[in-house]
Every structure is written in structure tokens, then in C-alpha cells.
Amino acid sequence: MTALDPEFRFSSIGEVIERLEPSYPVFCIFPDVLRTRAKAFVEGFPGTVLYAVKCNPHPYVLEALAEGGISHFDTASITEIAKIAELMPEAHSYFNHPVKGRGALDAAAKVYGLKDYVVDHADELDKLISIAGTDITVEVRIATPKGKAVYDLSAKFGATPDDAVDLLKEAKRRGCRTALAFHVGSQCTDPSAFRVAMELSAKVRDRAGVPLEYLDVGGGFPAIYKMNVPPLSDYFDVITRARDELGFDIPLLAEPGRALVADGCSVLTQVHLRKGDDLYINDGIYGCLSEIRDGDLDPPVRAVSLSGSLGGATQPFRIFGPTCDSLDVLKLPFHLPEVIAEGDWIEFGQMGAYSIGMQTGFNGFITDTIVRIDGMHEEFVY
Ligand SMILES: *Cc1c(COP(=O)(O)O)cnc(C)c1O
């Protein structure tokens, strides 16, 4: 797989600072943490675990997850499908975007040989069958009620129960295999949302009366951040109980993104100017910190100088990103040492999800120095 440049291997954030003294932002990947998270999920979840590639598509991340036992991938674009096929020819990808371009469908079916496709509308089913044929599994995605998730993923995609029943029957009638899928929303802090969605799935299943290949319970499993989230084992227990009580004697699939990768990466930034209680740093909402913009997620932070972690009394700071746009500010106040000054570094922890894959390069600011750090993360112990 990827050839790892030894120049970019470190044993700690402290060593990154010592060796590089970076005035540019550095994205730090901890493969050992990622491998451990993947292993725990694969061992705990009562079914097959697909990694949602969009969450963090970096090859170091994919490689570490594969080493942790992940060999199935939730892909949503031809770029993601091609990347998985190139890095891991043996892996199994699913085309789980409910709206697909004809060109991407054609390549997915004919070049990459994908067999699993999500739909949530009759016209998409027609398009899919006209290009990929009927030797496929059609996963009908149902919309789920908005629960306690930070990000709702049913506002845009998902069929109503009535439409889902029709889609399942029609896919079966045309000769396809059938399956059901849902997504309770990202960073879902309430395990019972999975129960509610599985009850809805059981109703659709019973009304459609077609055989199902599997039930895909989606992603949404939370990362820790500074939120008080239940442990993943609570989610697995709820899902296992619902599977047994609702009579799902078919395989289960899950598509976690965030829960697998969030705490396996940090963004190391530098303070370029301090104006009183305002800090101007070199990454922001158009870079790797876009998810912090709205203040819904609160990652752990710490300040570091050349001589180590900065301590002492703390105070709230407002943090501005590097672009010229005045929107480029993090909404939360961040509590950092009063003594922090220009040239010090700020590490944002638990930044593995929806970070490096979402940066824009706007204004010429891009986080393109990526390092791997071996060992578990000593400063942020979870
Ligand atoms: C984004 C996405 C995921 C991953 O969601 P997380 O909240 O990161 O676990 C899984 N499945 C689908 C279809 C998605 O769009």
C-alpha cells in the first residue's frame, strides 16, 4: 500500500514541534489509535462494519482501519470507489449515495463491478437498473425521524415508509436483490434512535413482503469530544436487542465514519498574532476546522510551546482562522493558558472526522503537511 516516508514519522506531537517548528498547520494522524478504534468496533458490532470513506479519505487512515479489520467501505463518488479499488483491491465497496450520475454509475458497475446500490426514489431505481442491470442488491434508504443527532441526514435523503415499500416491491419485481438502509444522523447521542429506526424498518419489511439481503443501520455513532456521550457498547446492545425482538434474522451492516476516526487525528496550528483575547491562527473554517464553526462540536485543545505543554491559569479566547473572510472564526470560546503568545502552537484533538476531507484551499491556505505519529495519543487520553 502506501509507501510511508520515514521523514514524516514521529513519536509525539512534541517531536513534530521540535523537528519542524511549523509555522504552517500540520495534520497529525495516529495510526495506532485508528487501528484500535477499528478493532473495537469490528469486535463489538453484531454485523459487518463498512467505513464511510467521506469522513476521512487519507490513505494512512484507510490503511490503519484496514489493519484494524475493516474490509468493507461505504463510498459515495467514483473518486472514492476508485481510491478504495486502487489501495485495497480485495475490499468490498457499496455505492451508498442515493443520487448518482450516469457516468459514475456506469463506471461503478462496469469498471469496478460494484453490486450494492442505495436508492430512495423510483426514477433513481430506473436509472440504476438501466445502467447496472438487475444482478445487484438495491438498498432502499428510508428517512428516519429527527432525533438527538447533531447533524440530520434525513432532511435531504430517504424515502417515506410508503415509498420504501413500493421501491422494495418494484426492485424485487424487476429481478434485483433487496435490502434496507437508514442513517439516524451524525453524532447521534441517543442510542434509542437506532431502535426507532429499526422499528420503522421492520414495518416497511413486513408490508413489502420481499426477502431482504441485509439491514444497513448506517452511521451516526458518536465520537467523544467534550460531550457526555454513551459508550459505543450501549449502541451495540440496543441494536442487538432490536434485531432479536423485531425478528431481523438477516445480516446487519453499519457504516460508521466519525466514531472510527475522530480521535485518531489532531490539527496542529500556530498562533500568528494575539490581540488581547483574540488569537489569529493558521487553520480555520475553510480548512480542517470547518465543523467547529457552528459551535456544535467542542474538541479538546491544548497549547504547546517549544518547551512543552503550556500550563497555568486559563481564560477564554476567540479564535480566528487565516483567510480574509470575517466569517472565518470559531464560534466557541476556547479556554487556553493566559500566557499563550505568538509562535505558540494549539493542538485541536479528536479532529479525524470531517476535517482534512473538507478543506477548500480558499485564499491559498491549505493544510497539506500530513504526518503520522506512532503510539497512542499521550496528551489526550480517552
Ligand atoms: C456520512 C455518512 C455516513 C457516516 O456517518 P457518521 O455520522 O460519520 O458515522 C454513513 N453512511 C452514509 C450514507 C453517510 O452519508
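Please refer to the structure placed before this passage.
So, here's what we can say about the structure. Predicted, not measured: the structure shown is a model, and the values here were computed from it.

Some words on the site of the ligand
Right, on to step 1. Within the structure, the ligand sits among 13 residues, and K54, S186, G220, E255 and Y354 are positioned closest to it.
Right, on to step 2. The contact in question runs from an oxygen atom of the ligand to an N or O atom on the backbone of G257, over 2.9 Å.
Right, on to step 3. A distance of 2.9 Å separates an oxygen atom of the ligand from a polar atom in the backbone of R258.
Right, on to step 4. For the ligand, the accessible surface in isolation is 390 Å², of which the surrounding protein chains cover 91%.
Right, on to step 5. If you map the ligand onto the pockets, it falls in the largest pocket.

Some points on the environment of L268
Right, on to step 1. Residue placement: L268 occurs in strand β13 (residues 265-275).
Right, on to step 2. Taking relative accessible area as the criterion, L268 reaches 0% and is therefore assigned buried.
Right, on to step 3. For the pair formed by L268 and I129, sequence separation is 139 residues and the distance between their alpha carbons is 47 Å.
Right, on to step 4. If we ignore the near neighbours within four places in the chain, the residues touching L268 are I13, V16, I17, P22, Y24, P25, V26, C28, W345, I346 and E347.

Focus: the packing of helix α7 (residues 161-173) against helix α8 (residues 192-208)
Right, on to step 1. Packing of α7 against α8 brings their axes to within 9 Å, and their N-to-C directions diverge by 45 degrees. Between α7 and α8, the crossing angle belongs to the class labelled oblique. For the pair α7 and α8, the crossing hand works out as right-handed. The segment α7 lies against α8, with P161, D162, A164, V165, L168 and K169 engaging L200, V204, R207 and A208.
Right, on to step 2. Of the residues contributing to the contact of α7 with α8, the split by class is 7 nonpolar, no polar and 3 charged.

Details of the environment of I370
Right, on to step 1. Mapped onto the elements, I370 comes out in strand β20 (residues 369-373).
Right, on to step 2. Exposure remark for I370: the relative accessible area of 19% places this residue in the buried category.
Right, on to step 3. Separated by 260 residues in sequence, I370 and K110 have C-alpha atoms that sit 34 Å apart.
Right, on to step 4. Aside from chain neighbours lying at most four places away, what touches I370 is F8, F27, I29, H58 and I356.

A word on the side chain of T369
Right, on to step 1. Within the secondary structure, T369 sits in strand β20.
Right, on to step 2. A residue is classified by how much of its surface remains accessible, and T369, at 15% relative accessible area, is buried.
Right, on to step 3. If we ignore the near neighbours within four places in the chain, the residues touching T369 are F8, Y24, P25, V26 and F27.

Thresholds, definitions, all that
- Residue positions are given per chain, counted from 1 along the sequence in the order it is written.
- Predicted model: local features are reported for residues with pLDDT of at least 70 only, side-chain atom pairs are reported and counted for 80 or more only, and whole-chain, interface and lining totals are derived from all residues.
- Where side-chain values are given, they derive from all heavy atoms of the structure, hydrogens and water being excluded.
- Think of it this way: one heavy atom of a residue within 4 Å of a molecule or strand is enough to make that residue near it.
- Any N or O atom pair separated by 3.5 Å or less is treated as a polar contact, with the protein-specific requirement of one donor-capable and one acceptor-capable atom, and with residues adjacent in sequence counted only for side-chain atom pairs.
- Per-residue accessibility takes into account occlusion by the displayed protein chains alone, with areas from the Shrake-Rupley method and a 1.4 Å probe.
- Points on a 1 Å grid, built from protein atoms alone, make a cavity when a 1.4 Å probe fits but cannot get out and make a pocket when they are open with protein on both sides within 12 Å along at least 5 of 7 lines; residues with an atom within 4 Å of a point are the lining residues.
- For this analysis, a molecule is said to be in a pocket or cavity if more than half of its atoms are within 2 Å of the grid points defining it.
- Where helices and strands are cited, they refer to DSSP runs of H or I of at least four residues and of E of at least two residues respectively, numbered from the N terminus.
- Whether a residue is buried, partly exposed or exposed follows from its accessible area with a 1.4 Å probe, protein chains only, as a fraction of its type maximum: under 20%, in between, or over 50%, in that order.
- For this analysis, residues touch if any pair of their heavy atoms sits within 4.5 Å.
- Structural elements are reduced to axes, namely lines fitted to C-alpha atoms, with helices fitted over the stretch in contact, and the angle between N-to-C directions of any two is expressed from 0 to 180 degrees.
- Angles below 35 degrees are treated as roughly parallel, those above 145 as roughly antiparallel, those between 65 and 115 as roughly perpendicular, and all remaining angles as oblique.
- Take the far helix as the reference: if the near one is turned anticlockwise from it by less than a right angle, the crossing is left-handed, and if turned clockwise, right-handed.
- Residue type decides the class: Asp, Glu, Lys and Arg count as charged, Ala, Val, Leu, Ile, Met, Phe, Trp, Tyr, Cys and Pro as nonpolar, and the leftover types, Gly among them, as polar.

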